[in-house]
Amino acid sequence: MAVDPQDIGLIDRLRNGDKSALYLLYDKYSSALYGVILRICRDEDQAKDLLQETFVKIWQKISTYDQSKGRFYTWAYRIAKHTTLNALRKSKPLIQTEDLSVYSNIASEEESPDYAVLNGLLKKLEPHHQRAIQLVYFQGYTHREAHELMKVPLGTFKSYIRQAIKQIREKYGQNALLFLTIIEALGNGQ
Amino acid sequence: MDSEKIISEGLLEQYLLGELEEQQISLVEAALKKDAGLRATYAEMEADFERIAFENAIEPPDAVKKSLKFYLEEIDSRKDKAVKDLKSRDRGFQNGRLLVAASLAAIFALSSFWIYNRWQNAEQLLQLQEEQITDLQDRLVKIEERIEVSDERYRKINNLNVTPLVLVGNAISPESKAVAYINHRTKEVVVNGQGLSPLSSGEAYQMWADVEGEMINMGLVSVNEEFIDMSYIEGAESLNITIEPSGGSEHPTVERLISSVSL
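Keep in mind that what you see is a predicted model, and the values were worked out from it rather than measured.

Enquirer: Mind laying out the confidence of the model for chain A, listing which residues take part and the relevant values?
Expert: Residues and elements named next belong to chain A. Averaged over chain A, the pLDDT score is 83; the fraction of residues at 70 or greater is 78%. This stretch, residues 94-102, has a pLDDT under 50; its non-local contacts, to residues over four places away or in other chains, come to 20 contacts. With pLDDT under 50 throughout, residues 104-109 is counted as low confidence; its partners more than four residues away or in other chains account for eight contacts.

Set out below in structure tokens:
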């Protein structure tokens, strides 16, 4: 898996107990993780605590991270998501339908505070694709919970996700191609 | 499970999102290890999701990083303290163990010393008691001997066949007095000489039997003795005491006859 070479050095230092490496990783990834945590828990005070807890776990569990299995961010994302969902299980009255399920009804997720608004490429996706990604990635729902929220069969929901990922890949690919073309044109211009 | 099925069932996305259970994780990871194409797809998906996350990032307040730093420093200082406490406690524990061992050794040594002393005292006491018993046995033997002697003497004088005769001193020794007990049946003569006057050194009392005018030696009479066995002389007509040179004489010194009694 493609892991940022800069991350590899920081992770090695982190494994050797270098706290400054953790703070550099914090500088790089905290905002992305905070975006996920805040959208799941919808409480800024709690999100701050959970972000700190996430980085404490990263510090404590770094020896379990295997870079051959994926990016550091993916590993950190899973920690942040599970930490947040576990905290919500403890703090909110729940009707749990599956191991990661935390919300008792749809009404709670219908509210849309400012930080819930999605940015970037996701905004360019079709609404149902955007919604599917938002539910599983930024709100912590499982596929089984999310398809019920969207009131579509599980198979259809999985198709939404696959199509969304495909579109994202294509759009990022186009952007990357556009970026390379501009770089090349600038290079030729000189 | 083949790669197509993993993709069609959406397991790759769920793997990325951390939704799968252990068994499914193992299957996906095994497929990723085997299939370079699947691996490339997953790498793209990871990169895309990471990019989405950064596009939707929200800057956390600075206080979170400060709090994180403070928290980790606090944990470190607690660990250091805990290690120090543990070492200290370990040292304390070692010292405690040594103290207990030393105490036990001291108790053992003291109790052994006490037991040894008691044993020695008992030995000495036993030895003393044995000596006392031996002494008592000796004394008992002597008492028995004395009793035997006394019985014998008593028997000799307290007998119907015994004739007691008092020998009173004459003018030469008017203070002297002796008693002779004569048993003609057993042919025994016993004399109590304690009543005789003391003599100068080199002199002794000697008793004689007069048999048809001849004085026959019966033996020396000691002043200090109560019962003195004398020789019985057959046919004696009288008993006589003379003062003789120490050790006695073969013939009586009649000039120094101090007492005489007829039988």
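Enquirer: How would you explain the nonpolar core if you had to name every residue and give the values?
Expert: Of all hydrophobic cores here, the largest spans 60 residues; its most connected members are Leu33(A), Val36(A), Ile37(A), Ala76(A), Ala132(A), Val136(A) and Ala164(A). If near-sequence neighbours (up to four positions away) are discounted, Val36(A) is found in contact with Tyr77(A), Ala80(A), Lys81(A), Phe138(A) and Ala53(B). Residues Val162(B), Leu167(B), Val221(B) and Ile258(B) belong to the second largest nonpolar core, which totals 24 residues.

Enquirer: Describe the sheet that holds strand 1 (residues 162-168) of chain B, listing the residues and the values that go with them.
Expert: All names here are of chain B. As summarised here, the arrangement of the four strands in space is 1-2-3-6, forming an open sheet in which the pairing is antiparallel. Bordering the open sheet on either side are strand 1 and strand 6 (228-230), each of which pairs with just one other strand. Here the strands of the sheet are splayed against their neighbours by 25° on average, with no regard to which way each runs. Here strand 2 (residues 177-183) pairs with strand 3 (residues 188-192) via five bridges, running antiparallel. Bridge pairing in strand 3 links Ala 180 to Val 191.

Enquirer: Explain the interface of chain B and chain A to me, using residue names and the numbers behind them.
Expert: At the junction of the two partners, chain B supplies 34 residues and chain A supplies 46 residues. Looking at the side of chain B that touches chain A, the elements with two or more residues in it are helix 2 (11-17), helix 4 (36-55) and helix 5 (62-157) of chain B. Sort the elements by how many residues they give to the side of chain B that touches chain A and helix 4 of chain B lands first, with 13 residues. When the residues that make up the side of chain B that touches chain A are grouped by side-chain class, the tally is 17 nonpolar, five polar and twelve charged.

Rules used in this analysis
Residues numbered from 1 in each chain as written. Chains lettered and ligands numbered in written order. Predicted model: local features only at pLDDT ≥ 70, side-chain atom pairs only at ≥ 80, totals over all residues. pLDDT = per-residue confidence, 0-100. Contact = placed C-beta atoms within 7 Å. Core = buried A, V, L, I, M, F, W, Y, C linked by C-beta atoms within 7 Å. Buried ≥ 20, exposed ≤ 12 C-beta atoms within 10 Å, placed from the backbone. Pairing = 2+ DSSP bridges. Helix = DSSP H or I, 4+ residues; strand = E, 2+ residues; numbered from the N terminus. Axes fitted to C-alpha atoms, helices over the stretch in contact; angles between N-to-C directions. Nonpolar A, V, L, I, M, F, W, Y, C, P; charged D, E, K, R; others polar.

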